[in-house]
Amino acid sequence: MFNTAERMDKLPFSEIRVMMERANRMQKEGIDVIHMEIGRPDFDTPDVIKDAAYKSLQEGHVFYTSNYGTPQLRAAIAEKLTKENGVAYKPEEILVTIGVGEGTYASMAAFLNPGDEVLVPNPVWLNYIHVPEFFGAKPVSYSLKEENDYQIDMDELESKITDKTRMLVINTPGNPTGTVQSRETLMKLADIAKKYDLIVVSDEIYEKLVYGGVKAVSIASLPGMKERTITLNGFSKCYSMTGWRLGYAAAPVEMIQALVRVHQYINTCAASFVQDAGVVALREGEPYVQKMVAEYERRRNYAVKALNAMDGISCKTPEGAFYIFVNVKSIGLPSAQIADYLLDHAHVAAVPGSAFGSEGEGYIRLSYACSYEKIVEAMGRMEKAFAELKKN
Ligand code: PMP
């Protein structure tokens, strides 16, 4: 066996996957596992989007597209950002990517030097730790704390800035807390980004999954921010298209030119017929998104109420995404042990909060991207399991 490159030491397997694989193994053995660990919508992709892909294939759209993406999709994305997000982008300022995963990688590959520091949330979607490390840069965590409603604490964040800080990553609505950063928080953040001349990477993948009339603000729409922001977004979560692998980066032309140089050597371009379907998702997908959002909200409301009614268990009501970050501190065990216990005794798969960084210890993440009936069943099983655990 060959030794891997040294930089691979910074690239572990994801703990979320480990949990998912364990849950899947149990399921194969015939155990009725309820999957609340997965960050993947349970809905099928709306037919209108699938039909657009079939049509595109039938029309023979089977070749490479421009590295940047098709003109039609870049135009549709620019129009969407201008109309819905209040940031006037031109098609030249858009790069079509293979999901936000690639957008993250390309942004960091293009702009981070070894030794640069990147401010990232804690708890966090782990790509924001491991990708900078892969490029020899240093992720520096800022805390999202429950007592602060998981809003960014500006004093703490500013105290982490050094002369090496080059980039600030934000994710709103956020994984794993489901928090939507308020306009006030983002305004203050924008001031800091300008004061210290930081590049902002804004991951807006859960943008449309917001509840109770809340709207997620794009930081690039705030004064003086478009110039320094790479907005990452995609089709995976809102349109239920995780397997299609489609996303985009929006940024000033010179930044997009840098990203495309990375992208061309990894992916060349996103799949041609997938891009055609993406245009239809943007132009005709909204009613389907709104139906899914209504169902997520119904599930969220049930689960939040049920969790808060359990003895010693509590959670905030998340305003976005499809995650609930559940406080299990009163049990007094590490969250990894609690997640294992729930899987073994309640057959409910959850992700230990510690998998998302030190601030996640004492929490578990539940995804409500599974059916309402399953959530009702899972809550019943969890209540029993927690009661048993407390007795012992
Ligand atoms: N960003 C966040 C915050 C996520 O939670 C995920 C998926 N878990 C992604 C990006 C990945 O998005 P994509 O499928 O577009 O690569």
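On a predicted model such as this, the values are computed, not experimentally measured, just so you know. Going along each chain's sequence as written, the residues are numbered from 1 onward. Only residues with pLDDT of at least 70 are given local features in this predicted model, and only at 80 or more are side-chain atom pairs given and counted; all residues enter the totals for whole chains, interfaces and linings. Hydrogens and waters are ignored; side-chain quantities use all the structure's heavy atoms.

Digging into the overall build of the protein chain
Then comes step 1: Only runs of H or I of at least four residues qualify as helices and only runs of E of at least two qualify as strands under DSSP, and these elements are numbered from the N terminus. A tally of helices and strands in the protein chain yields 12 helices and 13 strands.
Then comes step 2: Overall, the C-alpha framework of the protein chain stretches about 60 × 55 × 55 Å when taken along its three principal axes.
Then comes step 3: Classification of the 392 residues of the protein chain by burial places 57% in the buried group.
Then comes step 4: The contact criterion used throughout is that any non-hydrogen atoms of two residues lie within 4.5 Å. Considering only contacts within the protein chain whose residues lie at least 6 apart along the sequence, 75% involve residues at least 24 apart.
Then comes step 5: The method behind every accessible area is Shrake-Rupley, applied with a 1.4 Å probe, and residues are considered shielded solely by the protein chains displayed. When the accessible surface of the protein chain is split by element, carbon and sulfur atoms take 52% of a total near 17,000 Å². Working definition: with a 1.4 Å probe on protein chains only, accessible area under 20% of the residue-type maximum means buried, over 50% means exposed, and in between means partly exposed.

Structural notes on the sheet that holds strand β4 (residues 138–143)
Then comes step 1: Here the rule is simple: two strands pair whenever DSSP picks up at least two bridges between them. The sheet built from 7 strands is open, its strands ordered β2-β8-β7-β6-β5-β3-β4 with mixed pairing. Bordering the open sheet on either side are β2 (94–97) and β4, each of which pairs with just one other strand. Within the sheet, the average angular offset between the axes of one strand and its neighbour, ignoring direction, is 20°.
Then comes step 2: The pairing of β2 with strand β8 (residues 247–250) spans 4 bridges and is classified as antiparallel. Across the sheet, V96 pairs through a bridge with Y248, a residue of β8.
Then comes step 3: All axes here are fitted lines through C-alpha atoms, helices being fitted over the stretch that makes contact, and every angle between N-to-C directions spans 0 to 180 degrees. Along the sheet face, helix α3 (residues 71–84) touches β2, β7 (229–234) and β8 and points at about 115° away from the line of β2.
Then comes step 4: Relative to the sheet, helix α5 (residues 127–134) contacts β3 (117–122), β4, β5 (165–171), β6 (199–203) and β7, its axis offset from that of β4 by approximately 155°.

A look at the site of the ligand
Then comes step 1: Here a residue is near a molecule or strand as soon as one of its heavy atoms is found within 4 Å of it. All residues in the neighbourhood of the ligand are listed as G99, V100, G101, W125, N171, N175, D203, I205, Y206, S236, K237 and R245.
Then comes step 2: The term polar contact refers here to a pair of N or O atoms within 3.5 Å; inside protein, the definition further demands a hydrogen-donor-capable atom paired with an acceptor-capable atom, and it admits residues adjacent in sequence only when both atoms are side-chain atoms. Within the side chain of Y206, one N or O atom sits 2.7 Å away from an oxygen atom of the ligand.
Then comes step 3: The contact in question runs from an oxygen atom of the ligand to an N or O atom on the side chain of S236, over 2.6 Å.
Then comes step 4: Burial of the ligand by the surrounding chains reaches 90%, relative to a free accessible area of 400 Å².
Then comes step 5: If you tally residues by element for the shell around the ligand, the top one is helix α4 (residues 99–111), at 3 residues.
Then comes step 6: Polar here means any residue other than Ala, Val, Leu, Ile, Met, Phe, Trp, Tyr, Cys and Pro, which are nonpolar, and Asp, Glu, Lys and Arg, which are charged; Gly is therefore polar. When the residues that make up the shell around the ligand are grouped by side-chain class, the tally is 4 nonpolar, 5 polar and 3 charged.

Some words on the sheet that holds strand β9 (residues 314–315)
Then comes step 1: In spatial order, the strands read β9-β10-β13-β12; together these 4 strands make up an open sheet with antiparallel pairing. Looking at which strands have only one partner, the edges of the open sheet turn out to be β9 and β12 (351–352).
Then comes step 2: With 5 bridges connecting them, strand β10 (residues 323–327) and strand β13 (residues 363–367) associate as antiparallel partners. Looking at β13, one finds that I324 is bridged to L366.
Then comes step 3: Along the sheet face, helix α11 (residues 335–346) touches β12 and β13 and points at about 45° away from the line of β13.

Section: the pattern of salt bridges
Then comes step 1: Definition used for salt bridges: Asp or Glu carboxyl oxygen within 4 Å of a side-chain nitrogen of Lys or Arg. As enumerated under the stated definition, the model contains 23 salt bridges in all.
Then comes step 2: A salt bridge links E207 to K80, with the nearest nitrogen and oxygen atoms 2.9 Å apart. Of this pair, E207 sits in the loop between β6 and β7 while K80 is found in helix α3, placing the two residues 127 residues apart along the sequence. Just as E207 is buried, K80 falls in that class too.
Then comes step 3: Between E359 and K145 there is a salt bridge whose closest N-O contact spans 3.1 Å.

The analysis is restricted to geometry; functional conclusions fall outside its scope.
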